[in-house]
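# Structure at a glance
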Amino acid sequence: MTIRTRLTLVYGVLVLIAGLMILGITHLLAYQRLNGNMVIAKLEAAPFPDAAAGQRYVQEIRGDATNDALKAFLTQGGIALAVVLAAALAFSWLIVGRLLQPLHRVTETARRIANAPDRGLHERIALAGPHDEVKELADTFDIMLGRLDKSFDSQRRFIANASHELRTPLTLNRTLLEVTIDPATASPELVQLGRTLLAVNDRHERLIEGLLLLARSERTVTDRSYVDLADVVAHVAGQAPHDGVELTVDAREAPTTGNAVLLERLVHNLVENGIRHNLPTGGRVSAASGTRPDGTVFVTVANTGPVVPRYELPNLFEPFRRLGVERATAPGAGLGLSIVRAVATAHGGVVQADPRDGGGLIVTVILPTAAPSSEYPT
């Protein structure tokens, strides 16, 4: 039961107990009063020709009068108690509801923040009213939100600034290495070393680009345009290198709104992830888009590959987490599915992953649908 219901029942029980006590005490006083009734006392003192018959007559009158009075008192008192109890419950329900309104506001704000695509930490409760326990709770919650908002903003700024600062030396390193390993002037050993260093540098560049994109995609998309996910899926699948991997496409109309560059990167990461987990032995990757019965749109990428335990699925969407490989030797930066989830969340969508029978993974991104493209800028 809710707090409101429990408090209402507690108040109702207290009123009922108080009413029963008052009813019992009044019943006892009325009984004593009736036994001491002056009319009956005069009848008892009156002379009767037959003393025994007169005594029985008086006793009958006393019993009938007492029973009738007490029965009427209990009936009318019970009705009055029921009315008072019903009124007390109704007023208790209203008063408790009024007292709990600030708590409802705190709960609604917390739920709205938890469901916001960008975590909604900039929002505050800002509860007005007397400085009581509820306001103290709301103010403490606002302080916590402020600190969390500042912490997340600092984290995003640090990632973005560090990534920008690292891009310049990495670009410079690549240029110097490309000049150094010129076959016309460098020995074969130096060329081999330079190519190895270029591969390492390229890996670092991809990591930096991934961090920049992840920091960017964790913000809510405010500048939206009309995007048909069918065009994005067809374009990405047509451009993706998939030597030895069978790639099939079923791109059906899936209108949504958002940042076209981020949505393209979302689909690209899914397709690239599916292809990578089928190399070098070959396999199958299928990419599809369309509209669901509930009106939302989807992009699904399914691939063959190694068996994925269901308990490992949540870890795959964490940054730098991979399945069954060492971080140092694994291809890619380990940010692909993390970026997919961040982009989907920023667009008000969700990501679902399920193991595929026989090995591999099925990843589905569900996004809100959009009105006709004429209503949005292109």
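Residues numbered from 1 in each chain as written. Predicted model: local features only at pLDDT ≥ 70, side-chain atom pairs only at ≥ 80, totals over all residues. Heavy atoms only, no water.

## Notes on the sheet that holds strand β6 (residues 350–355)
Selection criterion: Note on pairing: two strands pair once DSSP finds at least 2 bridges between them. For the purposes of this entry, the term helix denotes a DSSP run of H or I that reaches at least four residues, the term strand denotes a run of E that reaches at least two, and both are numbered from the N terminus. Angles shown run from 0 to 180 degrees and are taken between the N-to-C directions of axes, each axis being a line fitted to C-alpha atoms and, for helices, limited to the stretch in contact. It only takes one pair of heavy atoms within 4.5 Å for two residues to be counted as in contact.
Taken together, the five strands give an open sheet; going across it, the order is β2-β4-β5-β7-β6, and neighbouring strands pair in mixed fashion. Two strands in the sheet have a free side with no partner beyond their single neighbour: β2 (245–251) and β6. Averaged over all neighbouring strand pairs, the angle between strand axes comes to 10°, with direction disregarded. Relative to the sheet, helix α6 (residues 229–239) contacts β2, β4 (283–291), β5 (297–303) and β7 (361–367), its axis offset from that of β2 by approximately 160°. Of the strands in this sheet, β6 and β7 are in contact with helix α9 (residues 336–346), which crosses β6 at around 140°.

## Thoughts on the nonpolar core
For the record, the criterion: To qualify as a nonpolar core, a set must consist of buried Ala, Val, Leu, Ile, Met, Phe, Trp, Tyr and Cys residues joined through side-chain atoms within 4.5 Å. Only protein chains enter the accessibility calculation, which uses a 1.4 Å probe; a residue whose area is less than 20% of its type maximum is buried, one above 50% is exposed, and one in between is partly exposed.
Residues L229, L266, V267, L270, V271 and V365 are the most contacted members of the largest nonpolar core, which totals 37 residues. For this core, the secondary-structure elements that each account for two or more residues are α6, β2, α7 (260–276), β4, β5, α8 (313–316), α9 and β7. Considering each element in turn, this core owes the most residues, seven residues, to α7. Contacts of V267, omitting those with residues within four sequence positions, involve V232, V233, V236 and V299.

## Digging into the pattern of salt bridges
As a reminder, the rule being used: A side-chain nitrogen of Lys or Arg and a carboxyl oxygen of Asp or Glu constitute a salt bridge if their distance falls within 4 Å.
On inspection of all chains with the given rule, the structure shows seven salt bridges. Taking the shortest distance from any N to any O, the salt bridge between K135 and D139 comes out at 3.1 Å. Of this pair, K135 and D139 are both found in helix α4 (residues 133–180), four residues apart, which corresponds to roughly one turn of the helix.

## Topic: α6
Inclusion rule: Think of it as the arc spanned by the lines of direction from the helix axis to the C-beta atoms. Each polar contact in these results corresponds to two N or O atoms within 3.5 Å; when the atoms are within protein, one needs to be able to donate a hydrogen and the other to accept it, and residues that are neighboring in sequence are counted only if both atoms are side-chain atoms.
Those residues of α6 that fall on the buried side of the exposure criterion are L229, A230, V232, V233, V236 and A237. Buried residues of α6 fall within an arc of 160° about the axis and therefore sit on the same side. The exposed residues of α6 that point more than 90 degrees off its buried face are D231, G238 and Q239. Where α6 begins, the side chain of D228 points an oxygen toward the backbone nitrogen of A230, at a separation of 3.1 Å.

## Things to note about the packing of α6 against α7
Note the threshold: In what follows, roughly perpendicular refers to angles from 65 to 115 degrees, roughly parallel to angles under 35, roughly antiparallel to angles over 145, and oblique to any angle outside these ranges. For a crossing to be left-handed, the near helix must be turned anticlockwise from the far one by less than a right angle; the clockwise case is right-handed. In this classification, Asp, Glu, Lys and Arg are treated as charged, Ala, Val, Leu, Ile, Met, Phe, Trp, Tyr, Cys and Pro as nonpolar, and every other residue, Gly included, as polar.
In the contact formed by α6 and α7, the axes pass within 9 Å of each other and the chain directions differ by 45°. Considering their axes alone, α6 and α7 lie oblique with respect to each other. At the point where α6 passes α7, the crossing takes the right-handed sense. Residue-level inspection shows L229, V232, V233, H235 and V236 of α6 in contact with α7, the latter providing L263, E264, V267, H268 and V271. Across the contact of α6 with α7, the residue classes tally to seven nonpolar, two polar and one charged.

## Description of the environment of A90
Along the polypeptide, A90 turns up in helix α3 (residues 51–115). In sequence terms A90 and T8 are 82 residues apart; their C-alpha atoms lie 8.3 Å from each other.

## Focus: the environment of I3
Tracing the sequence through the fold places I3 in helix α1 (residues 3–35). Exposure remark for I3: the relative accessible area of 43% places this residue in the partly exposed category. Taking the C-alpha atoms as reference, I3 lies 8.6 Å from L100; in sequence the two are 97 residues apart.

## A short note on unusual backbone geometry
Most peptide bonds adopt trans geometry, and most residues besides glycine take a negative phi value. Phi at A126 takes a positive value of approximately 50°, unusual for a residue other than glycine. For A126, the location among the structural elements is in the loop between α3 and α4. Residue class for A126 comes out exposed when judged on its relative accessible area of 52%.

## What about a nonpolar patch on the surface?
Let me state the cut-off plainly: Residues form patches when they are more than 30% accessible in relative terms and have no salt bridge. Like charges link within 9 Å. Nonpolar side chains (Val, Leu, Ile, Met, Phe, Trp, Tyr) link within 5 Å. Under the convention used here, a 1.4 Å probe and the Shrake-Rupley method define accessible areas, while residue burial counts only the protein chains that appear.
Together, I3, L7, V10, Y11 and L14 make up an exposed nonpolar region whose accessible area comes to about 410 Å². Of note, L7 is situated in helix α1. Here L7 falls in the partly exposed class, since its relative accessible area comes to 30%.

## Quick notes on the confidence of the model for the protein
Our working rule: Values of pLDDT, the confidence the predictor places in each residue, fall between 0 and 100.
Overall, the predicted model of the protein reaches an average pLDDT of 77, with 78% of residues at or above 70. In the model, residues 326–330 has pLDDT below 50 throughout and makes seven contacts with residues more than four positions away in sequence or in other chains.

## Focus: the pairing of β5
Two faces belong to every sheet, and in a regular strand the side chains alternate between them. The buried fraction of β5 amounts to seven of the seven residues, a majority that puts the element mostly inside the structure. With burial as the criterion, each face of β5 is covered, one bearing V297, V299, V301 and N303 and the other bearing F298, T300 and A302. The antiparallel hairpin formed by β4 and β5 contains five residues in its connecting segment, where G295 sits at a positive phi of about 95°. The pairing of β5 with β7 spans seven bridges and is classified as antiparallel. The residue of β7 that forms the bridge with V301 is V363.

## A look at the side chain of T304
Within the secondary structure layout, T304 lies in the loop between β5 and α8. Within polar-contact distance, the side chain of T304 engages the side chain of N278 at 2.4 Å. Leave out the neighbours within four places in its chain, and T304 touches H277, N278, G283, R284, R356, G359 and G360.

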